[in-house]
Amino acid sequence: MADEPLVLGIETSCDETGIGIVRGHTLLADALASSVDQHARFGGVVPEVASRAHLEALVPTMQRALEEAKVTLADIDAIAVTSGPGLAGALLVGVAAAKGYALAADKPVYGVNHLAAHVAVDTLEHGPLPEPAIAMLVSGGHSSLLLVDDLTNGVTPLGATIDDAAGEAFDKVARLLGLGFPGGPIIDRTAKEGDPASIAFPRGLTAPKDLAAHRFDFSFSGLKTAVARWVEARERAGEPVPIADVSASFQEAVCDVLTAKAIEACRTNGVGTLVIGGGVAANSRLRVLAEERAAKHGIEVRVPRPALCTDNGAMVAALGSRLVAAGVAPSRLDLPADSAMPLTAVSVAG
Ligand code: KG4
Ligand code: ZN
């Protein structure tokens, strides 16, 4: 509908420069430039390299987004930008750009939470989110379970990882298997050839003694170590490492714990909708297992298409659009890049 707000979103929290444009719940453009290839040989994102790449990619990505949406900056009603959490230098590039564009074109600007944006992006594909919902955010930097009563107003954290994030575990295990970076998509592919039941890797924080204090928390560092020990033992014995079986069994351990806790969070809170976001939500096994387990309890699972799960500008625009529609005040022009922005802040207060 032409009277819905036209919102532009800028994402630069990690290694993707993303500019998205949405009208209401409709995605008009999603331009992306990734520096992932520049980090591959280091096995992880190098902050300075990422910042420099954002600087170079921002203006051309902006032009592509405006062309794709067939609008000009003057048509935009509001600019949203990831204020945090993320890499400080990388965030700064996006926040400075948003302020520049907002000042030049006299537009309101919203500094938004990257994690809330990972939840909001689903509305572009599946329409308004039924609230309350449980959101599970699984990315390279975060693994959290949240109760979402009103996404524009704040979310209630139920649990989070106490060590590695789920995506980090995929990246580290891929690295120790010599599979490359980022590890998630490679393990996802490799696991298709393997047997997920071949190796019994540990399910972190699922034992009765752990559940008392960590019912909705995750731990993946023990799993990563277990995989490393298992591989070392094979190598010491001079036996070949069955990469596909290790990948499949590791992936099964992660997806088993994630889905079990997410469904339990829905049931405990009497919530009928589970939305999954973040790069790991692109995982094919996670999607199938979540669907399978949720169906048994009449819970609806919403997962955006894989391209919207990983970092992009559309998710930031989607959250901006929700904030504008809810009448939330824009942020001030001195809004910060906040690398440790808490989940309880969906946007930077005006
Ligand atoms: O959300 P995202 O793009 O960036 C962060 O905010 O971290 O997530 C990136 C993470 C990486 O760790 C990557 O390995 C993981 O998401 N990932 C996957 C898949 N695609 C990306 N993990 C498992 N399976 C996938 N198909
Ligand atoms: Zn992300």
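Residues numbered from 1 in each chain as written. Chains lettered and ligands numbered in written order. Predicted model: local features only at pLDDT ≥ 70, side-chain atom pairs only at ≥ 80, totals over all residues. Heavy atoms only, no water.

Caption draft 1: The arrangement of the overall build of the protein chain in detail. Scanning the protein chain from N- to C-terminus turns up 13 helices and 10 strands. When the backbone C-alpha atoms are referred to their principal axes, the protein chain occupies close to 65 × 45 × 30 Å. Looking at the protein chain as a whole, 53% of its 350 residues qualify as buried. The long-range fraction of contacts in the protein chain, counting pairs at least 24 apart against all pairs at least 6 apart in sequence, stands at 74%. Counting only carbon and sulfur atoms, one obtains 55% of the accessible surface of the protein chain, whose full area is about 13900 Å². (Helix = DSSP H or I, 4+ residues; strand = E, 2+ residues; numbered from the N terminus. Buried < 20%, exposed > 50% of the residue type's maximum accessible area, 1.4 Å probe, protein only. Contact = heavy atoms within 4.5 Å. Areas by Shrake-Rupley, 256 points an atom, 1.4 Å probe, with all protein chains shown as cover.)

Caption draft 2: How the structure looks around the coordination of the zinc ion (ligand 2). Every protein donor of the zinc ion (ligand 2) is accounted for by His-114 (NE2), His-118 (NE2) and Asp-311 (OD), and the metal-donor separations fall at 2.1 to 2.2 Å. Along the chain, the residues donating to the zinc ion (ligand 2) are arranged with the sequence spacing H-x3-H-x192-D. Of this pair, His-114 sits in helix α4 (residues 114-120) while Asp-311 sits in the loop between α12 (306-309) and α13 (313-325), and the two are 197 residues apart along the sequence. (Donors = N, O, S within 2.8 Å, 3.2 Å for Na, K, Ca; no water.)

Caption draft 3: Broad picture of unusual backbone geometry. Residue Pro-85 is bonded to the preceding Gly-84 through a cis peptide linkage, with omega at -10°. Mapped onto the fold, Pro-85 is located in the loop between β4 (78-84) and α3 (88-105). Even without a glycine there, the phi angle at Lys-70 is positive, about 55°. Mapped onto the elements, Lys-70 comes out in the loop between α2 (47-69) and β4.

Caption draft 4: How the structure looks around α3. A rise of 1.5 Å per residue sets the reference length of α3, with its 18 residues, at 26 Å; its end C-alpha atoms lie 26 Å apart and thus fit the reference within 8%. Of all the residues in α3, the buried ones are Ala-90, Leu-91, Val-93, Gly-94, Val-95, Ala-97, Ala-98, Tyr-101 and Ala-102. Each element contacted by the buried residues of α3 is listed here: β1 (6-11), α2, β4 and β5 (109-113). The first or second residue beyond α3 is Asp-106, which carries a positive phi of 55°. (Expected span 1.5 Å × (residues − 1).)

Caption draft 5: Representation of the sheet that holds strand β6 (residues 133-138). One open sheet accounts for 5 strands, arranged β8-β7-β6-β9-β10; its pairing is mixed. The open sheet has two free edges, formed respectively by β8 (154-160) and β10 (300-302), since each of these has just one partner strand. On average, each strand axis in the sheet is tilted by 25° relative to the strand beside it, whichever way the strands run. Bridge count between strand β7 (residues 143-150) and β8: 5 bridges; the pairing is antiparallel. What sits directly across from Asp-150, in β8, is Gly-154. Of the strands in this sheet, β6, β9 (273-277) and β10 touch helix α11 (residues 284-295), which is tilted by about 160° from β10. (Pairing = 2+ DSSP bridges. Axes fitted to C-alpha atoms, helices over the stretch in contact; angles between N-to-C directions.)

Caption draft 6: Representation of the site of ligand 1 within the structure. Close to ligand 1 lie 20 residues; Gly-140, Asp-171, Gly-184, Asp-188 and Gly-279 are nearest. Take Asp-171: an N or O atom from its side chain is 2.7 Å from an oxygen atom of ligand 1. Within the complex, the protein chains bury 89% of what would otherwise be the 550 Å² of accessible surface of ligand 1. Here ligand 1 occupies the largest pocket. Per-element accounting of the shell around ligand 1 gives the leading share, 4 residues, to helix α7 (residues 183-191). Here the shell around ligand 1 is composed, by residue class, of 5 nonpolar, 12 polar and 3 charged. (Near = heavy atom within 4 Å. Polar contact = N/O pair within 3.5 Å; in protein donor to acceptor, adjacent residues only side chain to side chain. 1 Å grid on protein atoms, 1.4 Å probe; cavity = no way out; pocket = protein on both sides within 12 Å on 5 of 7 lines; lining within 4 Å. Sits in = over half its atoms within 2 Å of the grid points. Nonpolar A, V, L, I, M, F, W, Y, C, P; charged D, E, K, R; others polar.)

Caption draft 7: Broad picture of the sheet that holds β5. Taken in spatial order, the 5 strands make up an open sheet running β3-β2-β1-β4-β5, and their pairing is mixed. Because the sheet does not close on itself, it has two edges, and the strands there are β3 (26-34) and β5. Each strand of the sheet is rotated relative to its neighbour by a mean of 20°, with strand direction disregarded. Note: β1 against strand β2 (residues 16-23), 6 bridges, orientation antiparallel. Counterpart to Gly-9 in the pairing with β2 is Gly-20. Relative to β4, α3 is tilted by about 160°, and along the sheet it contacts β1, β4 and β5. Contacting β1, β2, β3, β4 and β5, α13 runs over the sheet at an angle of about 135° to β1.

Caption draft 8: Representation of the environment of Ala-98 in the model. For Ala-98, the position within the fold is in helix α3. Of the residues examined, Ala-98 reaches a relative accessible area of 0% and is grouped as buried. Taking the C-alpha atoms as reference points, Ala-98 and Pro-108, separated by 10 residues in sequence, lie 9.8 Å from one another. Setting aside residues up to four positions removed in sequence, Ala-98 forms contacts with Ile-10, Ile-79, Val-81 and Val-109.

Caption draft 9: Local environment of the side chain of Asn-283. Relative to the assigned elements, Asn-283 resides in the loop between β9 and α11. Among all residues touching Asn-283, those that are not within four sequence positions of it are Phe-170, Asp-188, Gln-251 and Cys-255.

Caption draft 10: Expanded view of the environment of Arg-64. Within the secondary structure, Arg-64 sits in helix α2. When its relative accessible area of 39% is taken as the criterion, Arg-64 is described as partly exposed. Between the alpha carbons of Arg-64 and Thr-206 there is a distance of 46 Å; along the sequence they are 142 residues apart. In this structure, Arg-64 is in contact with Ala-31, Leu-32 and Ala-33, ignoring residues within four places of it in sequence.

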